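Examination of the molecular architecture
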Amino acid sequence: MAQGSNKRNKPNILIAGTPGTGKTTTSLALAEATQLRHINIGDLVREKNLHDGWDEQFECHVINEDLVCDELEDIMQEGGNIVDYHGCDFFPERWFDRVVVLQTENSILYDRLTKREYSQKKISNNIECEIFQILLEEAKDSYSEDIVVALRSDSIEDISRNVGTLTDWVRNW
């Protein structure tokens, strides 16, 4: 259990991973199965203008990490949240009881990102991130290793299995 989580009745889970690994699909299914609240950080940043502008090179908003954390502090203390975001190193460690890093085979990830019409540069950057397991290493560096888990997310069957595993974990928390 994360430090400070003894005040919570329900756990907080972070679902991280390279874009295209199934974070939002998994998070939505898990939220439905567990009745936990789904928080998509990308949507939150856009809706509440929690960014410092647009990065032309990476074709995304430059999120203001301090504003995001300020926005979420009270909700995270309550517990019962599934946070969906590709990165994880700026969130306070005390917020999470489980950190899940979804991983996808490169050719599958390439196809998913191509369908999203990502630029070739953005696709290459994300594939490299997956190859070198950057987000898994980031999670292990940022959180206690006993709460970090890597899960394969290549297919609908993988996602269903992951949701089942995580639902069982929530019920036993």
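Provided above is the structure to which this section pertains.
The following refers to the structure shown.

Criteria and thresholds
- Residues numbered from 1 in each chain as written.
- Predicted model: local features only at pLDDT ≥ 70, side-chain atom pairs only at ≥ 80, totals over all residues.
- Heavy atoms only, no water.
- Buried < 20%, exposed > 50% of the residue type's maximum accessible area, 1.4 Å probe, protein only.
- Helix = DSSP H or I, 4+ residues; strand = E, 2+ residues; numbered from the N terminus.
- Pairing = 2+ DSSP bridges.
- Disulfide = S-S within 2.5 Å.

1. Describing the pairing of strand β6 (residues 98–103)
Buried residues dominate β6, accounting for 6 of its 6 residues. Of the two faces of β6, the one lined by Arg98, Val100 and Leu102 and the one lined by Val99, Val101 and Gln103 are each fully buried. Pairing of strand β1 (residues 12–17) with β6, which is carried by 5 bridges, proceeds in the parallel orientation. The partner of Ala16 across the bridge, within β6, is Val101. The pairing of β6 with strand β7 (residues 148–152) spans 5 bridges and is classified as parallel. Of the residues in β7, the one forming a bridge with Val101 is Ala150.

2. Re the state of the cysteines
This model, assessed by the stated rule, comprises 0 disulfides. Left unpaired, Cys69 is separated from the closest cysteine sulfur, that of Cys88, by 12 Å. Free cysteine Cys129: the closest other cysteine sulfur is in Cys88, separated by 10 Å.

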